[in-house]
Structure formats: structure tokens, C-alpha cells
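Letter by letter, the chains look like this.
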Amino acid sequence: MPVLALMFNALVWGLSWWPFRQFADAGLHPLWTTVTLYILSLLVISMSQWRAWREFLATPSLWLIMLAAGVTNTAFNWGVALGDVVRVVLLFYLMPLWAVLLARLILGERLTALAGLRMVLALSGAAIVLAPEGGGLPWPSSLADGLGLLGGFTFALNNVMLRREAHRGAHARALAMFSGGVLVAGVSATLMAGFGQVAWPSLPGAIWFLPLAGMAVLFFLSNLSLQYGAGRLPANVTAIVMLTEVPVAAVSAIWLGGGHLDLKTGLGGVCILAAALLAALERQKNAQGATIAA
């Protein structure tokens, strides 16, 4: 059941690009859609665990988690709705690279040989994916590429901070993440709408609120599934199962016209996914070492 729960979470996120694009075509920008989706989760946890607000408001480190989670969801949702889904998801999964650097900076973790190898793999994969067809520096060629990179970095920051603040209440941490999805996407959309860069929220008719509500429920259930599965499985198993989001997103995007997979992107993707698998194996090795030491 925990594995199935994590696979459900990966399935929802891997397919999320398609409804985001449908709502965007109907007049609801991905930023506004993101706000709507996370309002439900925020309301549920606020009503059921209202005392968590006290801990959240009194803990500045949780505000950083709020910001990181908010930027992660805003960047990822906007990126997959805007650009090539395969590229955005692969660039997002460069997070093992950022996690190594952030864990060193924030947690004081030493750099191991395995960590160095996965950094090389991740950087090589990114360079291959981002390399221009006619040659030149490997640099994001579109806003969607930049959003994928930004989302992966802030997701790594979110995960490192969650490890640092693991002693905090679970509901306060969840509140930080859900409120981030509402606050960051909401402020970004409002500012951009004020400058005419994004349209104010609108839908062609009331019937559109049914799929929007259904998607909000799916996102809420996927978050519950992630908490259920991750709380019952070793971290390395969780990391490997969650990687199923990549083939789900890639296959669905290629099938439905949301992206394409050429040789260059495929080679880069193999390097990036190998780095993510090495991160999972290193967590397993560290866990086994801690058990033996105990």
C-alpha cells in the first residue's frame, strides 16, 4: 500500500501538465490554477489542525520552507503548462545536484565520492539537455527551461530544510508547504496581472469549476498519499518510486503532443536519472551505516 500510494502521487504529478494546459487554454493561467488547487489543502489543514498556525507563525525557518515549497509548485506548474514537458521534468529532477550543495551549506554534510559522482552525472545531463542544436553554451533556451531549473533547486531546498526542521510539528510543516503554494503563486499572479503580463482569472462558464474542484481534490489526495507512503518506507525506496513521475510525464507528453524525446534529450535524461538513483543508493548506504554503528 505505501508503494501504491507513492505511485499514485507520481501519477498525479506526472499527468498534471495536461489539465494545467486545458485550464490555460480556457483562460485560467497556471499561476491562478495553482492558487486554487492549494486553497483546498490549506483550508482543510487550517480547520482540522488550527493550532499548527501558532507554531508556523512563531518559527522563521518554516517561513523559508513556505517560500521554497511555493516557488517549487509555482515554477513546476507554470513550466509544464508552458514548454516541452519532457525537458521541464528532466531539468526539475536535477535536484540531487542542488541537494548536495545545499546539504553541505545548510546541514554541514561532507561531500562524499558518491556525491561527487552524482554531481558530475547531473551536470553532464543538464549540459546535454540544454546544449543548443547549432553549438554554444548549454543555457536555458526558454522561460520553461528556466522554470524547470528553478523548481528543482527550490524543491531541493525544501527537502533539505524539512530534514533540518524534522523536529517541528508535522502539521506546521505541512501548513508551511500548502500556504507557500497559495502565497507565492497568488502574489506572482497578482503582480503580473497588475502589469498586464497575466490575465486576471476567468473561465468560459460555471461548468469549468467541476474539473477544477476535481483536480484540487486529486492534488489533496496525492499529498496525503505522499505523506502516507513516505512515512512508511525507507527514504531511498521513496526516492526511487517517486522517479516514476518522469516516465509518466514523458510518455503522456509524447503521446498527447506536450513534448518530444530526441537522442540528445534522452542521453541527458539518462544521466540525470542516474544521478537521482545514486542519491537514493547513498541514502540507503548511510542508513545501513547508522544501523551498524548503533
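Residues numbered from 1 in each chain as written. Predicted model: local features only at pLDDT ≥ 70, side-chain atom pairs only at ≥ 80, totals over all residues. Heavy atoms only, no water.

Visitor: I'd like a rundown of a nonpolar patch on the surface, residues and numbers included.
Guide: A cluster of nonpolar side chains, contributed by Met1, Val3, Leu4, Met7 and Tyr228, occupies part of the molecular surface with about 480 Å² of accessible area. When residues of the nonpolar patch are assigned to their parent elements, the largest contribution, three residues, is made by helix H1 (residues 2-15). Within the secondary structure, Val3 is located in helix H1. Of the residues examined, Val3 reaches a relative accessible area of 35% and is grouped as partly exposed. (Patch = residues over 30% accessible without salt bridge, like charges linked within 9 Å, V, L, I, M, F, W, Y side chains within 5 Å. Areas by Shrake-Rupley, 256 points an atom, 1.4 Å probe, with all protein chains shown as cover. Salt bridge = Lys/Arg side-chain N within 4 Å of Asp/Glu carboxyl O. Helix = DSSP H or I, 4+ residues; strand = E, 2+ residues; numbered from the N terminus. Buried < 20%, exposed > 50% of the residue type's maximum accessible area, 1.4 Å probe, protein only.)

Visitor: Please give an account of the pattern of salt bridges that cites residues and values.
Guide: In a structure, side chains of opposite charge can pair up when their charged atoms sit close to one another. Scanning the model with the defined rule gives three salt bridges in all. Between Asp145 and Arg87 there is a salt bridge, with the nearest N and O atoms lying 2.6 Å from each other. Pair noted here: Asp145 is in helix H9 (residues 143-164) and Arg87 is in helix H6 (residues 85-92), with a separation of 58 residues, a long-range link. For the pair shown, Asp145 and Arg87 are each scored as buried. The salt bridge partner of Arg168 is Glu165, with a shortest N-O separation of 2.8 Å.

Visitor: So what's going on with the side chain of Glu245? Residues and values would help.
Guide: Its place among the elements puts Glu245 in helix H13 (residues 245-256). Look past the residues within four positions of Glu245 in its chain and what remains in contact with it is Ala10, Trp13, Gly14, Phe76 and Tyr93. (Contact = heavy atoms within 4.5 Å.)

Visitor: How would you explain the packing of aromatic side chains if you had to name every residue and give the values?
Guide: Summed over the entire model, instances satisfying the criterion amount to 12 aromatic pairs. Plain terms: the ring middles of Trp13 and Phe76 are 5.7 Å apart, the flat faces sit at 65° to each other, and that makes the pair edge-to-face. Remark: Phe76 occurs in helix H5 (residues 60-82) and Trp13 occurs in helix H1; sequence separation between them is 63 residues. Here the two residues Trp13 and Phe76 agree in accessibility, since each one is buried. With centroids separated by 5.7 Å and ring planes inclined at 70°, the aromatic side chains of Trp53 and Phe56 adopt a geometry described as edge-to-face. (Phe/Tyr/Trp six-rings, centres within 6.5 Å; stacked < 30°, edge-to-face > 60°.)

The quantities given are spatial measurements derived from coordinates; they are silent on function.
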